[in-house]
Amino acid sequence: MIRIRTLLLPLLLFILSLLGSLAHAAEEPLPVEQAFRVSARAVDDHTVEVRFQIADGYYLYRHRFKFQAEGVTFGEPAIPPGKPKKDDAFGQVEIYRHELVVPVPIVAGKPPFELEVSSQGCADMGICYPPQKQSFTIAAAGADGGSGGFLARALGKAETPAASAAPASAAPVADSSHDESGRIARLLSGGSTATILLSFFGFGLLLALTPCVFPMIPILSGIIVGHGHAITKGRAFGLSSLYVLGMALTYAAAGVAAGLSGTLLSAALQNPWVLGAFSLIFIVLAGSMFGFYELQLPIALQSRLSDTVNHQGGSPGGILLMGALSALIVGPCVAAPLAGALLYIAKTGNAALGGAALFIMALGMGAPLLLVGVLARSALPKPGPWMEGVKRAFGVMLLGVAIWLVTPVLPSVVPMLAWAGLLVFSAIYLHALDPLPPHASGWQRFWKGFGVLALIAGAALFIGAMAGSRDPLQPLAILRAQAAGAPAAAETRFQRVASVEELDQVIKTSTRPVMLDFYADWCISCKEMERFTFADPAIAKRLAGFQLVQADVTANNDADKALLKRFNLFGPPGIIFFKAGGEERQDLRVVGFQEAEVFGKVLDAAL
């Protein structure tokens, strides 16, 4: 326990100092490009729309707006009424907060041209910024296939070095400010530090209920149980804290790296070699639970594994490492809070606040795991035969995690057979096929009944796999469908695209609304969308009105990264909608899993 305290103390001090520095940083004024985000686009050949995103606690002056372009004559901008304010510098003025959209009519000339936007604003804390000038390349409406959104291609320079404009982007990038991840990114840019961290802790608690976190439960439980009955509740909590801390630090570090580079590290690790190696680790750990390492491994290697991973006196560093690896490999899903934080880091470069939000979110995800760790210790019976039974049960769970990990990279029939084998062998060890003794206790009868159910489930999986079913949740549905002379299930048919060019071609030529689905074999939430949402009869009926397009980014190659970057996405799942003709419905983006009822409302709005 001393070693755990020795390791935890500096880490906790680091966390407290980080939060303290963030609270201090919150009192500093934002850089001008973060306080006032400006973007512009051509609505048609007669109107340019300029959008201002204003951080909370900041405002822009109405009388300081100016719009001009060489060779182009503009009419009077349609600036809506602002909020009256008595200003020390300008007297009675009108100001704008949060968001402002200004349509600027074109009287003479037409796109393309360079639009120069002038503005000036202040912060409530008493700081005023110098007047800013930013230039935007305004292309003809629809010239970018409708995917350009409100792209800030800032090319000009501010009047002072303190107010540089955003750099130009060579490729059109969709605006993601209207979807859920965009709203979370705005929370980061405008909310107070306390609100942000508290919100992200809540997001983490909600994410703890998703399948991305479920595989971590048997991993952590196996570590605690592997220490045996001698482990105290305090040590169980300490080990659980190390596991969660390793997970949280990795989420923060990998998230910051992803936001700055545009690529998720966890996506790069979703390949057969990495998943296979990690799955093998869990098989080895399960072997230690069953107590037969000596049958498969040399004594020296067995001792090293036992000392460093999950036996009595195990290394705290090993537990921390296991939490880090679990964050990268076991749970690579992209949900809206994670996507929002990555989007904020990518746009602002503020790695401190974005990383802290991800760290706090991961702590929220890990909070239930702390309870699991302590309960796993409390559930340990006194030394005896029951102790060995509990360890073997967690060994079975670890084997289940091993199967779960390699499922995305194996033919679907192989995991089904593996699950069938695990259930059947577990049933045999539970004496499902053995007669009960004459005076069997209630627990003996209970576990025999449980074993019989496991045997039936395993047999159903095996029969279904052999009959051609690939759905482990309904393995015998194919037999029912064959008996009725009907197809087993109606699959949602997507047209696959492998590059930005292929996608543009499909969007431009489609006469129907387009739904683009980002998918990967290793994405758990993607499988959930296919299994529970797309397969819903009401959803399938609505989808018939769309041109369905899918970008499979499993390989995570350069073309996949370009597709994701096109829409400011960091990984699947993500669903983008387009009108017939190519204009993106930026307000209808879906990031992460959605239930059929909620997704149906999105489809109705997109049709």
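Rules behind the numbers
- Each residue is numbered by its place in its chain's sequence as written, counting from 1.
- In view of the model being predicted, local features appear only for residues whose pLDDT reaches at least 70, and side-chain atom pairs are presented and counted only at 80 or more, with totals across whole chains, interfaces and linings using the full set of residues.
- The side-chain numbers reported here are obtained from all heavy atoms of the structure, hydrogens and water having been left aside.
- Note on conventions: DSSP H or I runs of at least 4 residues are helices, E runs of at least 2 residues are strands, and numbering of each starts at the N terminus.
- Under the scheme applied here, a residue whose accessible area is under 20% of the maximum for its type counts as buried, over 50% as exposed, and between as partly exposed, the area being computed with a 1.4 Å probe on protein chains only.
- Should any heavy atoms of two residues lie within 4.5 Å, those residues are considered in contact.
- To measure how exposed things are, a 1.4 Å probe is used in the Shrake-Rupley method; for residues, cover is taken only from the protein chains shown.
- Nonpolar cores are built from buried Ala, Val, Leu, Ile, Met, Phe, Trp, Tyr and Cys residues. Side-chain atoms within 4.5 Å join them into one set.
- For salt bridges, the criterion is a side-chain nitrogen of Lys or Arg within 4 Å of an Asp or Glu carboxyl oxygen.
- One bridge is not enough; two strands pair if DSSP finds at least two bridges between them.
- Axes here refer to lines fitted to C-alpha atoms; in helices the fit is confined to the stretch in contact. Angles between the N-to-C directions go from 0 to 180 degrees.
- Every angle not falling under 35 degrees, over 145, or within 65 to 115 is termed oblique; those three ranges are roughly parallel, roughly antiparallel and roughly perpendicular.
- Side-chain classes follow a simple rule in which Ala, Val, Leu, Ile, Met, Phe, Trp, Tyr, Cys and Pro form the nonpolar group, Asp, Glu, Lys and Arg form the charged group, and the remainder, Gly included, forms the polar group.
- By this rule, a helix spans an expected 1.5 Å times one less than how many residues it contains.
- The pLDDT value expresses, per residue, how confident the predictor is, ranging between 0 and 100.
- This arc corresponds to the set of directions leading from the helix axis out to the C-beta atoms.
- Counting of polar contacts relies on pairs of N or O atoms within 3.5 Å, with two restrictions inside protein: one atom must be capable of donating a hydrogen and the other of accepting it, and residues adjacent in sequence are counted only when both atoms are side-chain atoms.
- Residues qualify for a patch when their relative accessible area is over 30% and they have no salt bridge, like charges being joined within 9 Å and the nonpolar side chains of Val, Leu, Ile, Met, Phe, Trp and Tyr within 5 Å.
- Here a Phe, Tyr or Trp ring, Trp counted by its six-membered ring, pairs with any other such ring whose centre lies within 6.5 Å, and the pair is stacked when the planes are under 30 degrees apart, edge-to-face when over 60, and tilted otherwise.

Caption draft 1: Main features of the overall build of the protein. Each helix and strand counted, the protein has 21 helices and 16 strands in total. In the protein, buried positions account for 48% of the 607 residues. A sequence separation of at least 24 residues applies to 72% of the contacts in the protein between residues at least 6 apart. Surface exposure of the protein reaches about 28100 Å², of which carbon and sulfur atoms provide 64%.

Caption draft 2: Summary view of the nonpolar core. Counting 35 residues, the largest nonpolar core has Ile219, Tyr243, Met247, Phe282 and Met322 as its most contacted members. Secondary structure elements with two or more residues in this core: α4 (193-207), α5 (216-226), α6 (233-261), α8 (272-290), α10 (316-330), α12 (351-378) and α13 (385-406). A total of 10 residues in this core trace back to one element, the largest contributor, which is α12. Counting residues in each nonpolar core, the second largest holds 31 residues, with Ala40, Leu100, Phe113 and Tyr129 among its members.

Caption draft 3: Structural view of the pattern of salt bridges. Counted under the stated rule, the structure contains 11 salt bridges. In this structure, Glu583 and Lys579 form a salt bridge, with 3.8 Å as the shortest nitrogen-oxygen distance. Each of the salt bridges in this network shares a partner with another, and the network as a whole consists of Arg41, Glu49, Arg51 and Glu99.

Caption draft 4: Region of interest: the sheet that holds strand β9 (residues 113-119). Read from one edge to the other, the open sheet built from three strands follows the order β4-β9-β11, with strand pairing classed as antiparallel. Strands with a single pairing partner mark the edges of an open sheet, and in this sheet they are β4 (66-68) and β11 (132-138). Across the sheet, the axes of successive neighbouring strands diverge by a mean angle of 20°, strand direction being ignored. In terms of strand pairing, β9 meets β11 through seven bridges, oriented antiparallel. By the bridge assignment, Val117 is partnered in β11 with Gln134.

Caption draft 5: Representation of the environment of Ile283 in the model. Secondary-structure assignment places Ile283 in helix α8. A C-alpha to C-alpha distance of 6.9 Å links Ile283 and Leu398, two positions 115 residues apart in sequence. The contacts of Ile283, once residues within four sequence positions are left out, are Leu399 and Ala402.

Caption draft 6: Structural view of the side chain of Arg585. Inspection of the secondary structure assignment puts Arg585 in the loop between β15 (574-578) and β16 (590-591). Among residues more than four places away in sequence, those in contact with Arg585 are Phe577, Phe578, Lys579, Ala605 and Ala606.

Caption draft 7: Representation of the packing of helix α17 (residues 500-509) against helix α20 (residues 558-566) in the model. Interaxial distance between α17 and α20 falls to 9 Å at its minimum, and their mutual angle equals 50°. Here α17 lies oblique to α20, going by the angle between them. Here Val500, Leu503 and Asp504 of α17 lie close against α20, whose contacting residues are Ala562, Leu563 and Arg566. Split into classes, the residues belonging to the contact of α17 with α20 amount to four nonpolar, no polar and two charged.

Caption draft 8: Helix α15 (residues 442-467), seen in detail. With 26 residues, α15 should cover 38 Å at 1.5 Å per step; its first-to-last C-alpha distance of 38 Å lies within 8% of that length. Of the residues making up α15, those classed as buried are Lys448, Gly451, Ala454, Gly458, Ala460, Leu461, Gly464 and Ala465. Considering only its buried residues, α15 is in contact with α14 (413-429). Positive backbone phi, at 110°, marks Gly468, one or two positions downstream of α15.

Caption draft 9: Up close: the confidence of the model for the protein. Summing up the model confidence of the protein, the mean pLDDT is 74 and the portion of residues at 70 or higher is 67%. Residue range residues 1-5 is modelled with pLDDT below 50. Its contacts to residues more than four positions away, or to other chains, number 10 contacts. Low pLDDT, under 50, characterises residues 21-27; the stretch is placed with seven contacts to residues that sit more than four places away or in other chains.

Caption draft 10: A look at the sheet that holds strand β13 (residues 514-519). If you trace the five strands from one edge of the open sheet to the other, you get β12-β14-β13-β15-β16, paired in mixed fashion. The sheet is open, and its two borders are formed by β12 (495-497) and β16, each paired with just one other strand. Contacting β13, β14 (547-552) and β15, helix α18 (residues 524-534) runs over the sheet at an angle of about 135° to β13. Across the sheet, helix α21 (residues 596-606) is in contact with β13, β15 and β16; its angle to β15 comes to roughly 20°.

Caption draft 11: Seen up close, α20. Among all positions in α20, only Asp560, Leu563, Leu564 and Arg566 are buried. Buried residues of α20 fall within an arc of 160° about the axis and therefore sit on the same side. Turned more than 90 degrees away from the buried face of α20 sit Asp558 and Lys565, all of them exposed. The inward-facing, buried residues of α20 abut β12, α17, β13 and β14. Looking at where α20 begins, the residue whose side-chain oxygen comes 3.2 Å from the main-chain nitrogen of Ala559 is Asn557.

Caption draft 12: Highlighting the pairing of β15. In terms of residue burial, β15 counts as a mostly covered element, since five of its five residues are buried. Residues Gly574, Ile576 and Phe578 point to one face of β15 and Ile575 and Phe577 to the other, with burial holding for every one of them. As paired strands, β13 and β15 are joined by five bridges and run antiparallel to one another. For Val514, the partnering residue across the bridge sits in β15 and is Phe578. Alignment of β15 against β16, held across two bridges, turns out to be antiparallel. Of the residues in β16, the one forming a bridge with Ile575 is Val590.

Caption draft 13: Region of the structure containing a nonpolar patch on the surface. Judged by side-chain polarity, Leu417, Phe462, Ile463, Met466, Leu476 and Leu479 come together as a nonpolar surface patch covering roughly 510 Å² of accessible area. No other element matches α15, which puts three residues into the nonpolar patch. With respect to the helices and strands, the residue Met466 is situated in helix α15.

Caption draft 14: Expanded view of the packing of aromatic side chains. A complete count under the given rule lists 18 aromatic pairs for this structure. Geometrically, the ring pair formed by Phe52 and Phe65 is tilted, given 4.9 Å between the ring centres and 40° between the ring planes. Highlighted residues: Phe52 in strand β2 (residues 47-54) and Phe65 in the loop between β3 (58-61) and β4, separated in sequence by 13 residues. The exposure class of Phe52 is buried, given its relative accessible area of 0%. Between Phe518 and Phe567, the aromatic rings sit 6.0 Å apart at their centres with planes inclined by 70°, giving edge-to-face as the arrangement. In this pair, Phe518 is assigned in strand β13 and Phe567 in the loop between α20 and β15, connecting sequence segments 49 residues apart. Assessed through its relative accessible area of 0%, Phe567 is described here as buried.

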